[in-house]
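So the chains spell out like this:
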Amino acid sequence: WLVIDRKVYDVSKFAKRHPGGSRVISHYAGQDATDAFIAFHNDKSLVKKYLKSLLIGELAPDQPSFESNKKQSLLEDFRELRCTIEKMGLLRPNYIFFFLIFLHFLVLDAASWLIVWYFGISLVPFLVGIVFFTVAQIQMGWFQHDLGHCSVFRKPQWNRLLQIVVITVLKGAPASWWNHLHNQHHAKPNCFRKDPDLNMHPLLFSLGKPLSVEVSMEMPGEAKVLLTESYRVRVSDLPLAHYDVFSFFSLEKRRRNSCLTIISINISSVTVYILLCNQEEKVVGKH
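All of these numbers come straight from a predicted model, not from anything done at the bench.

Caption draft 1: How the structure looks around the pattern of salt bridges. Tallied over the full model, the rule gives 3 salt bridges. Arg82 is the partner of Asp35 in a salt bridge, and the nearest nitrogen-oxygen pair spans 3.1 Å. In this pair, Asp35 is assigned in helix H2 (residues 34–40) and Arg82 in helix H4 (residues 72–87), connecting sequence segments 47 residues apart. What makes Arg82 buried here is its relative accessible area of 16%. Among the charged side chains, a network of salt bridges with common partners joins Asp32, Asp35, Arg79 and Arg82.

Caption draft 2: Structural context of the packing of aromatic side chains. Across all of its chains, the model carries 9 aromatic pairs by this definition. Taking 6.5 Å as the distance between ring centres and 25° as the angle between the ring planes, the aromatic pair formed by Tyr95 and Phe153 counts as stacked. Of the two residues, Tyr95 sits in helix H5 (residues 95–119) while Phe153 sits in the loop between helix H6 (123–148) and helix H7 (156–170), which places them 58 residues apart along the sequence. A residue is classified by how much of its surface remains accessible, and Phe153, at 25% relative accessible area, is partly exposed. Seen in terms of ring centroids, Trp113 and Phe133 are 6.0 Å apart; in terms of plane orientation they differ by 80°. Their pairing is edge-to-face. Placement of Trp113 in helix H5 and of Phe133 in helix H6 is noted, with a sequence separation of 20 residues between them.

Caption draft 3: Spatial organisation of the UniProt feature "transmembrane region" (unreviewed entry) in the chain. The UniProt feature table records "transmembrane region" (unreviewed entry) at residues 89–108 and 114–135. Helix makes up 70% of residues 89–108 and strand makes up 0%, while its end C-alpha atoms are separated by 32 Å. Within the segment residues 114–135, helix and strand shares are 86% and 0% respectively, and the terminal C-alpha atoms sit 15 Å apart.

Caption draft 4: Fine view of the environment of Asn42. The topology assignment puts Asn42 in the loop between H2 and helix H3 (44–51). Separated by 108 residues in the primary sequence, Asn42 and Cys150 have C-alpha atoms spaced 8.7 Å apart.

Rules used throughout
Residues numbered from 1 in each chain as written. Predicted model: local features only at pLDDT ≥ 70, side-chain atom pairs only at ≥ 80, totals over all residues. Heavy atoms only, no water. Salt bridge = Lys/Arg side-chain N within 4 Å of Asp/Glu carboxyl O. Helix = DSSP H or I, 4+ residues; strand = E, 2+ residues; numbered from the N terminus. Buried < 20%, exposed > 50% of the residue type's maximum accessible area, 1.4 Å probe, protein only. Phe/Tyr/Trp six-rings, centres within 6.5 Å; stacked < 30°, edge-to-face > 60°. UniProt positions renumbered as here; feature names shortened; annotations may be inferred.

Structure representation (structure tokens):
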């Protein structure tokens, strides 16, 4: 059960069919989800039609619609700020800006390969190609981030389609994996055990003394590593973390098409690299 605008909804069965994933909605079980509901749904009138069948009651008049660990004054200030931002039109996208972002990282990505192909893999062209390729990949990451938030186009389908092109085809990562984690992050930002950005152990970092101690106490045997009072880190699995996470998610969620896409992209990248090396060997042989 969760609360939206003082109305109580039973989402036990609906959670499995929730477009944003079951974890996002289950993170608010027994809590007020009003602000998260507003933030995640652009077309609220459409979504509220689905909520009617889930309605089971309302909060009692004397019961507050916010959690005991939240200040009512801060909550009211936040909601007032959100309304002001919406009225000012600050959430409306600039299509020219996004078009130029999309165009410039495509140009950089193509230029990175063309430089190496034309000038060979000597030091200077290779370094210039790396710089162009790196900048393009970083810009792709942020562009797909905005697409994942459905904040570029009005229709969510257009955002999802272009996000798949950018993150899956151009970057080699499944869009569904990113959305699965990032939706949870924004549903419960900085909440341990709910925000995946904090649940990176045992692969990466856990910041803060309380979190470090709690994580290290849970980890068995030699996996416990508590370096200082301020941070804990385990890096033994870092080299394979990238592929392990993608593969685990894709197989666990039965998204084998994501796995096949990632594999094909990596094969094509290796093939291009081999062709470039062979071309360089031919050039050197002629000289």
